[in-house]
Amino acid sequence: MPRGREAVPLRIKVISVFAVLAVGLGTTAAGAATTWPGDSAVKVADGSNVFGKNLSGVSFESAGVVWAVKNGPSTLYRLVPSGSTWKVDSKRSLTFKNGEGDPDAEGVVSTPDGVFVVSERDNDNGDVSSPMVLKVSGTVAEWKLPGMPSVDPNEGPEAISWIPDSFLTSQNFKDDTGKPYVPADYPGHGTGLFAVGLEATGGIFLYALQDGGAKLVSKFASGQAQVMDLEWENNRLWATCDDNCSGRSTTLAISDGKFKVTATYDRPSKLPNVNLEGFALSPSCVNGKKVALWSDDDNTDKHALRSGSLNCTA
Ligand SMILES: [Ca+2]
Ligand SMILES: [Ca+2]
Ligand SMILES: [Ca+2]
């Protein structure tokens, strides 16, 4: 969440207690964490002090292109491989659609419909929570996100991913009224739904971004007390947390029409317990492994990107 990161241990405790209660009520059971299903080792994946602080979201467009966002000053990066690390191919400042403001861009996702960023507020008006998604490639567009609880302006949407309609329909996904999801009911929304994670509660909100506005299709728990990034992978959704939850991740899949937590993993044992606000997986398997990428909002030891691996069979 930084910029202006606040020390709020009491708030975190309250959220944790609430999360335990929510699990106790049977909404979702995250279960005990198991070992990261990939290499325990990680390596630094950027040059020294390339990004500084506030790198909060990452997303693969392909095995050789990664998009990243900095939440302040609001910046979009396109990264390409450079030896065993990633380098900045291009970067640009982000604004809202009217060309003004400094979107507090906490997450990014590359989709077949373009590159999208989630913003929790305008840094130029930091006391006001303003959850939005911005389309930052091709034709610029923006959507206000309805249906989220009121939260601290810097604990709003922190995570974004995208789930293809083809998967949702193949799994008989249902909206929160219990009606089977039919993409044609949401004209103009593209070819999938956007999953947005709310830092303060760990809740996930699924939206159809239509020409006339964003429509909330479903909301569900991530199995995490807080959520910092989301990542869609083949047939499951990853929800990751930062050092507030020791870098733990959960996976969710559709069962009986609803997203439910299927696993909880510890971070790779050699990955430092730092401010891991971004997470992405390469779409490609090489020698049975996918590249996993984490961004560290605190730029610990002058590095904001670390890479490791996930077993493709995991
Ligand atoms: Ca923020
Ligand atoms: Ca954080
Ligand atoms: Ca993030």
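Keep in mind the model is a prediction, meaning the values are calculated, not measured.

Now for the overall build of the chain. When you go through the chain residue by residue, the secondary structure sums to 2 helices and 20 strands. Taking 20 Å as the expected radius of gyration for a compact globule of 314 residues, we find that the chain reaches 18 Å, a close match to that expectation. Across its three principal directions, the C-alpha atoms of the chain cover 50 × 45 × 45 Å. When burial is assessed residue by residue, the chain has 46% of its 314 residues classed as buried. Counting contacts in the chain only where the partners sit at least 6 residues apart, residues at least 24 apart contribute 57% of the total.

For the rest of this paragraph, the subject is the pairing of strand β11 (residues 192-198). Extensive coverage of β11 is indicated by the burial of 7 of its 7 residues. Alignment of strand β10 (residues 157-164) against β11, held across 7 bridges, turns out to be antiparallel. Its bridge partner lying in β11, Ala159 is registered against Gly197. Pairing geometry for β11 and strand β12 (residues 203-210), over 4 bridges, is antiparallel. Paired with Gly197 across the bridge in β12 is Ile204.

Attention shifts here to the sheet that holds strand β2 (residues 55-62). Spatially, the 4 strands line up as an open sheet ordered β2-β3-β4-β5, and their pairing is antiparallel. On the outer flanks of this sheet lie β2 and β5 (85-93), each paired with one strand and no other. With direction set aside, neighbouring strand axes in the sheet form an average angle of 25 degrees. Alignment of β2 against strand β3 (residues 65-71), held across 6 bridges, turns out to be antiparallel. Among the inter-strand pairings, Gly57 is bridged to a residue of β3, identified as Val69.

Time to look at the environment of Val151. Within the element layout of this structure, Val151 appears in the loop between β9 (141-144) and β10. A tally of 17 C-beta atoms within 10 Å means that Val151 is categorised as partly exposed. Linking Val151 and Ala200, residues 49 residues apart in sequence, is a C-alpha distance of 6.8 Å. Excluding residues that lie within four positions of it along the chain, Val151 makes contacts with Ser129, Gly156, Leu198 and Ala200.

Moving on: unusual backbone geometry. Only a minority of non-glycine residues have a phi that is not negative, and only a minority of peptide bonds are not trans. Residue Pro73 follows Gly72 across a cis peptide bond; omega there is -10 degrees. Examined against the element boundaries, Pro73 turns out to sit in the loop between β3 and β4 (74-82). Even without a glycine there, the phi angle at Asp256 is positive, about 55 degrees. For Asp256, the position within the fold is in the loop between β16 (249-255) and β17 (258-265). Of note in this structure, Asp301 is not a glycine but carries a positive phi near 55 degrees.

Reading across from one edge, β6-β7-β8-β9 is the order of the 4 strands in this open sheet, with antiparallel pairing throughout. Of all strands in the sheet, those with a lone pairing partner are β6 (103-111) and β9, marking the two edges. Across the sheet, the axes of successive neighbouring strands diverge by a mean angle of 20 degrees, strand direction being ignored. Pairing between strand β8 (residues 132-135) and β9: 4 bridges, direction antiparallel.

A few words now on the pairing of β2. β2 sits mainly inside the fold: 6 of its 8 residues count as buried. Linking β2 back to β3 in an antiparallel pair, the connection comprises 2 residues.

Core analysis: the largest hydrophobic core is formed by 74 residues, its most contacted members being Val117, Val133, Ile160, Phe194, Ala195 and Tyr207. A total of 6 residues in this core trace back to one element, the largest contributor, which is β12. Apart from the residues within four sequence positions on either side, Phe194 is in contact with Phe116, Val133, Ile160, Trp162, Tyr207 and Leu209.

This part takes up the confidence of the model for the chain. Reading predicted coordinates in detail is not appropriate for stretches of low pLDDT. In this model, the chain carries an average pLDDT of 92, and 90% of its residues clear a pLDDT of 70 or more. Counting interchain partners and residues more than four positions distant, the pLDDT-below-50 stretch residues 6-29 has 19 contacts.

When you line up the elements, Ala263 lands in strand β17. Each C-alpha atom, one on Ala263 and one on Leu252, is 7.3 Å from the other, the two residues being 11 residues apart in sequence. When neighbours within four sequence positions are excluded, Ala263 is seen to be in contact with Thr250 and Thr251.

With that out of the way, let us pick up the environment of Ile163. With respect to the helices and strands, the residue Ile163 is situated in strand β10. The class of Ile163 is buried, set by 22 C-beta atoms lying within 10 Å. Residues contacting Ile163, with those up to four places away along its chain left out, are Leu168, Gly192, Leu193, Ala195, Trp232 and Leu237.

What counts and what doesn't
- Chains are numbered independently. Their residues run from 1 in the order of the written sequence.
- The order in which chains are written sets their letters, starting at A; the order in which ligands are written sets their numbers, starting at 1.
- At least 70 in pLDDT is required for a residue's local features to be given in this predicted model, at least 80 for side-chain atom pairs to be given and counted, and no such filter applies to totals for whole chains, interfaces and linings, which use all residues.
- Helix and strand assignments follow DSSP, with helices taken as H or I runs no shorter than four residues and strands as E runs no shorter than two, numbered in order from the N terminus.
- Based on C-alpha atoms, the radius of gyration is set beside the globule rule, defined as 2.2 Å times the residue count to the power 0.38.
- Exposure in this text rests on C-beta crowding, where 20 or more other C-beta atoms within 10 Å of a residue's own make it buried, 12 or fewer make it exposed, and counts in between make it partly exposed. The C-beta atoms are placed from the backbone.
- Note on contacts: each residue gets a C-beta atom placed from the backbone, and two residues are in contact if those atoms are within 7 Å.
- One bridge is not enough; two strands pair if DSSP finds at least two bridges between them.
- Axis definition: a line fit to C-alpha positions, over the contact stretch in the case of helices; interaxial angles, taken between N-to-C directions, run 0 to 180 degrees.
- Any set of buried Ala, Val, Leu, Ile, Met, Phe, Trp, Tyr and Cys residues joined through C-beta atoms within 7 Å is what this text calls a nonpolar core.
- For every residue, the predictor reports its confidence as pLDDT, a number between 0 and 100.

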